[in-house]
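# Fold and geometry: a report
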Amino acid sequence: MKYAQVIVPLPLSGTFTYRIPDMMEKAVSVCCRVVVPFGKKHYYTGIVAGIQDEAPENDMIIKDIFVLPDENPVIRFYQLRFWQWISSYYLCSTGEVFRVALPSGLKLESETIVTIDPEYEAEEPLKPNEQKIMDAFSSSGVLSVSELERISGLKNVFPSVNSLLEKGAIAIKESLKQRFKDKTETYICLAGNIRSEKDINLVLAMLKRSKQQEKLFLDYLDLSGTKPEYIIKKKLLAYSGVKPPVLNTLVKRGIFISEERTVSRITSSAAGAGILPILSDVRKKVYEDVKKSFETKNITLLYGVTPGDKAEIYIHIIHDTLSKGRQALYLLPEIAITTHITDRLRQVFGRRLLVYHSAFSDNERVEIWNRLLQTEEPVVVLGIRSSVFLPFARLGLIIVDEEHDPSYKQQDPAPRYHARNTAMMLALEHGAKVLLESATPSLESYLWALSGKYGLVKPGSRQEKERLPKIDIVDVRDLRRKKRMNNTLFSPLLREKIEAALSKGEQIVLFQNRRGFAPMMICQACGKIPHCVNCDVSLTYHKRLCRLVCHYCGYSAPLPSKCPSCGSAELKMQGFGTEKVEEEIVALFPSAKTARLDTDAAGTQNAYRRILTEFEEGKTQILTGTQMITKGFNFENVSVVGIMNADGLLNIPDFRACERAFQMMYQVSGHAGRSDGKGAVILQTSQSDNPLLKMIRDFDYPGMAQMQLKERYAFHYPPYTRLIMIVLRCRREDVLDDMADRYSAKLRAILGDCVSNPLYPPVARVQTLFVRKIMLKMDLSVSVSETRKALEAVHREMQEYPLFKQIIMHYDVDPL
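So, here is what we can say about the structure in this document. (Residues numbered from 1 in each chain as written. Predicted model: local features only at pLDDT ≥ 70, side-chain atom pairs only at ≥ 80, totals over all residues. Heavy atoms only, no water.)

## With respect to the overall build of the chain
Per the secondary structure count, the chain includes 26 helices and 32 strands. A compact globule built from 816 residues should have a C-alpha radius of gyration of about 28 Å, and the chain, at 31 Å, falls within 12% of that. Each of the three principal axes of the chain carries a C-alpha extent, and together these read 95 × 70 × 65 Å. Going through the 816 residues of the chain one by one, you find that 50% of them count as buried. Sequence-distant contacts, at least 24 apart, represent 74% of the contacts inside the chain between residues at least 6 apart. Computed over 110 positive and 96 negative side-chain charges, the inter-centroid distance for the chain is 3 Å. (Helix = DSSP H or I, 4+ residues; strand = E, 2+ residues; numbered from the N terminus. Rg over C-alpha atoms; globule rule 2.2 N^0.38 Å. Buried < 20%, exposed > 50% of the residue type's maximum accessible area, 1.4 Å probe, protein only. Contact = heavy atoms within 4.5 Å. Lys, Arg positive; Asp, Glu negative; His and termini not counted. Charge placed at Lys NZ, Arg CZ, Asp CG, Glu CD.)

## Quick look at the environment of Ser87
Position of Ser87 among the secondary structure elements: in helix H1 (residues 77–89). For Ser87, a relative accessible area of 6% translates into the label buried. Sequence separation between Ser87 and Tyr417 is 330 residues; the distance between their C-alpha atoms is 9.4 Å. Once residues lying within four places of it in the same chain are set aside, the contact partners of Ser87 are Cys92, Ser93, Thr94, Val97 and Arg788. At 3.5 Å, the side chain of Ser87 forms a polar contact with the backbone nitrogen of Thr94. (Polar contact = N/O pair within 3.5 Å; in protein donor to acceptor, adjacent residues only side chain to side chain.)

## Some words on the sheet that holds strand E9 (residues 231–232)
Two pairing modes exist for strands in a sheet, parallel and antiparallel, and in both the strands are linked by backbone hydrogen bonds. Taking strand neighbours across the sheet as the criterion, the three strands line up as E9-E8-E10 in an open arrangement whose pairing is antiparallel. The sheet terminates laterally at E9 and strand E10 (256–263), the two strands that pair on one side only. The sheet contact formed by strand E8 (residues 183–190) and E9 spans two bridges and is antiparallel. Of the residues in E9, the one forming a bridge with Tyr187 is Ile232. Its contacts with the sheet place helix H7 (residues 211–224) against E8, E9 and E10, and it is angled at close to 100° to E8. (Pairing = 2+ DSSP bridges. Axes fitted to C-alpha atoms, helices over the stretch in contact; angles between N-to-C directions.)

## Observations regarding the pattern of salt bridges
Evaluated as defined, the whole model comprises 36 salt bridges. Residue Glu402 is joined to Lys310 by a salt bridge in which the shortest nitrogen-to-oxygen separation is 2.8 Å. Placement of Glu402 in the loop between strand E15 (395–400) and helix H14 (419–430) and of Lys310 in helix H11 (residues 307–323) is noted, with a sequence separation of 92 residues between them. In this structure, Glu402 and Lys310 share a single accessibility class: buried. A salt bridge links Arg515 to Asp600, with the shortest nitrogen-to-oxygen separation between them at 2.7 Å. Linking Arg515 in the loop between strand E19 (507–511) and strand E20 (520–523) with Asp600 in the loop between strand E25 (594–597) and helix H20 (605–616), this pair joins segments that are 85 residues apart in sequence. (Salt bridge = Lys/Arg side-chain N within 4 Å of Asp/Glu carboxyl O.)

## A short note on the nonpolar core
Among the nonpolar cores identified, the biggest contains 149 residues, and Trp83, Tyr330, Ile398, Met665 and Tyr743 are the most heavily contacted of them. When residues of this core are assigned to their parent elements, the largest contribution, seven residues, is made by H11. Among residues more than four places away in sequence, those in contact with Tyr743 are Ile726, Leu728, Ile774, Leu791, Val794, His795, Met798, Phe804, Met809 and Tyr811. Grouped together as the second largest cluster of nonpolar side chains are 22 residues, Leu207, Phe217, Leu221 and Ile255 included. (Core = buried A, V, L, I, M, F, W, Y, C linked by side-chain atoms within 4.5 Å.)

## Describing the packing of aromatic side chains
Using the criterion set out here, one finds 23 aromatic pairs in the structure. Geometrically, the ring pair formed by Tyr743 and Phe804 is tilted, given 6.0 Å between the ring centres and 35° between the ring planes. With a gap of 61 residues between them, Tyr743 in helix H25 (residues 733–751) and Phe804 in the loop between helix H26 (784–798) and strand E32 (808–813) connect regions that are remote in the sequence. Here Tyr743 matches Phe804 in class, with each residue buried. (Phe/Tyr/Trp six-rings, centres within 6.5 Å; stacked < 30°, edge-to-face > 60°.)

## Re H25
Across its 19 residues, H25 extends 26 Å between first and last C-alpha, which sits within 8% of the 27 Å expected from 1.5 Å per residue. Along H25, the positions that sit buried rather than exposed are Val735, Leu736, Met739, Ala740, Tyr743, Ser744 and Leu747. For H25, the buried positions fall inside an angular range of 145° around the axis, keeping them on one side. Residues of H25 that are buried sit in contact with strand E29 (721–730), strand E31 (769–779), H26 and E32. At the exit of H25 stands Gly752, carrying a positive phi of roughly 85°. (Expected span 1.5 Å × (residues − 1). Arc of directions from axis to C-beta.)

Written out as C-alpha cells, the structure reads:
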C-alpha cells in the first residue's frame, strides 16, 4: 500500500496524507493532479507532493484518493520547489500558493447541490425566506447553492436551507464541478463517395428542385476548391447565407458528413513576418551593452530608456533567446499595457507569442498552461505577475518592464509575493537571464546595480537628454496670495500652455492622484466631517453619483443638505479630485474633447482600453487621470503635462513617499514631447522650495536616490534591512490591543529590538475591523527560515489565549 502527500488549495500548513487505491498505484506520481475528500462533505483538487510506502504514525483516519483526472502531471517538478520557496519566503502555506498558481479551470471543487422532496407537505406556514427557496424550485427540482441565491434573490440562503433540511423539505449533496471544457467546432465535408466530377453532377441533378440546398452545395465547392476539405460549419453557413436546417438535411441525405473537432481557444494569427526592427545607433549600443552585461551577470538593470526605444531593444533580445531554443517571459505591471505591446510583438513573433492574464477566460488560460506543459517550443509569454507560475520548460529570459511599479506586489489574498523578486528565483531555477527596466528604478534594484550585484546599462546619450521636457515649478501658494489663482485649480502658466497646445492640435495630460470630486466635506459652523461607518476615513464626494463614498469599503451615503450634527447648511468641500479637474477643464475649454482615467471612469478592462485607444488616436485632446496615467504608455502627440497638486504625493507618512512621488511625477512628465522633445510640464505645488521637486525638475534620479539611500541607511530601512509586517485585525479594539501587546512582547523576547511595538496605521479601522501592525526590521544576513520558526513558535503560544481566536492575522514580507 502506498500513500500520497497532497497539497490542497487551502490556507493550511503542510500536506495531507491520502491512501492511493490499488487501481491508481501505477498512475499516481509526484506533481500529478488528484481529487481528494476533505472534511465531511467537500472535495478539492490537490497536487501530489510526495509518495511514501508507510502510513504516518498517528491515529488519524486515512481517506482514499477519489479521482485521478489526468494521465500525466499538470505541473513540472521545479514548480513544486518554486511553490515551496514562495511559501517559505513569504510566510504563507503551500496551499495558498497552489490556489493562486494553478488556473481556476484546473481546480475541481465540490459544489453543494440542493434537491426538493416532491412529496413534502408543510405542516405549518413557511417563513418568507423559506418560501422563496421553495419557489425557486418551480423550474427545476435540482439547483446549486449559487443558482438558489440568484433565483431567490437572497444573499445568504444557508439559514433557510438548514431549516428546510430539518423539516425534510429538501436534501443536499456534494457534486464535483468541472471548470475546464475543451472547445469544439463542427466541421463539414463532402461524403466519401462524392469525389469525381460525375458524382458532383449527379448530386446537382438531385438538388435541382431545392434551390437552397443546391446553393449551399455550390458554395461549399467554392470554398473547398478542387479538393474536398473540412470547412467550419459556421464559416460555410455565413458564406452561403442559408439556415442550419438546410445543412442538416444535406447531412441526413448523405451528401455532407459532419464531424466535431477539439479546437484551440488561443488566438491564432499569421506566423509573423519575423523581420526585426532596425535599431538606431543609440539603441544598438544599448542592445550590445545588455548582451555584454549578460556575459558576466545573470541580472541586469536597464535604466533610463524611453518606451519607444526599449520595445525595439526587447524584441532583439527576445529573438536572440528564441533562436537558441529557449523561452522568454515578458512581464508588465498592468493588463491594459499588454494590449499596446501585443500587436507589436505579434508582427515579429506571430504564433510564438502567447498572452496570459486574468482578462482571458479560465478555459483560455488552461489551454496556454497545457501548451507550455506539453511542449518545449521556443515561445515568448507576455503577461502580468501571475505569469511567473506558468510551467516553462526551457526558460532563458525574463524581462520585468517598469520594475519599480507597485502593481507587481500582490496584496490580497496570500501569497503576498513580489513578481520582480519571484521572477529572479524562477530564473535561478532555469539558469535564465533577468532584465529589469525602469527610468526610475526601485532603490533596491538601483543599489544592487551600483554595488555590482546586478549589471547596469544606462544610455546616457546627449540626444536622450535633449528629448526631456522642460519642467516649470509653479508656487500656487504665492499665486493665491497675490489673488492670481482664486477659485480655480489652474495656474495662469498651465492655462496658457494648454491653450497653445490645443491651437496646434496637440494633446494634454493632467495628473491628480485623487479620484472623486472632493476628498472631504466639512461643516463651516461646527467642523464636523462625515466619516465612513465601517472605516476610520472621511467620505469622498463623488459629484456624478451625488453621494459621499468610502474608498476603502465602498460604503456610500447621500449628500446631506445640512450638517447632521448642528443642522447648519454651511457645508464646504475641501480639496479636489479628478472629477473636479475634469469639470473645470470642460468649463475652461468647452470645445476640447476630454476624458478621465481613474477607477471610476475605467472600472472595466473594456472601458480602460477604450479611453486609452481614443486618446492615442487623437479623438480625445485632454486626458485627466490618477496614477493609472503614469504607466508606460507611449503617447506621441502629448506636448503638455500638468501635475495639479504635487503636495498630495509628498505629504504621506511612509518611508517610501519621496521615492514614489519622484517616480510618479517623473513617469507622467515623460509623456510630454516624446515626438519632438519640446514638451512642457507644469508642476503646481505649495512647497516650491522642497529639494525633491528641484530634483524632479532636473530629472535628477541619481541625486534623489543618493538622498533617500542615505536616509534609509541612517534609519535602518530597506534596502539595508528586510521588513516583515505582521497585520492583526479584530472587531473589538480592546482585544486587539491586548493581543498585539502580548504578541510583540513575546516576539521581542526571541528576536530582540528588531521587533516594534504595535503600530497604529494611518487608517486604523477598515471594513469594521480595527487594525494594528507589528514591524520586524531584520538584518539582511538573518535567515528567513529562522525568522519563520520564531514567528510560528510565538503563534502557537498565542493560540493558548482564548481571545486570540478573534484575531485575523497575516504576514506581509517586503511590504510596499
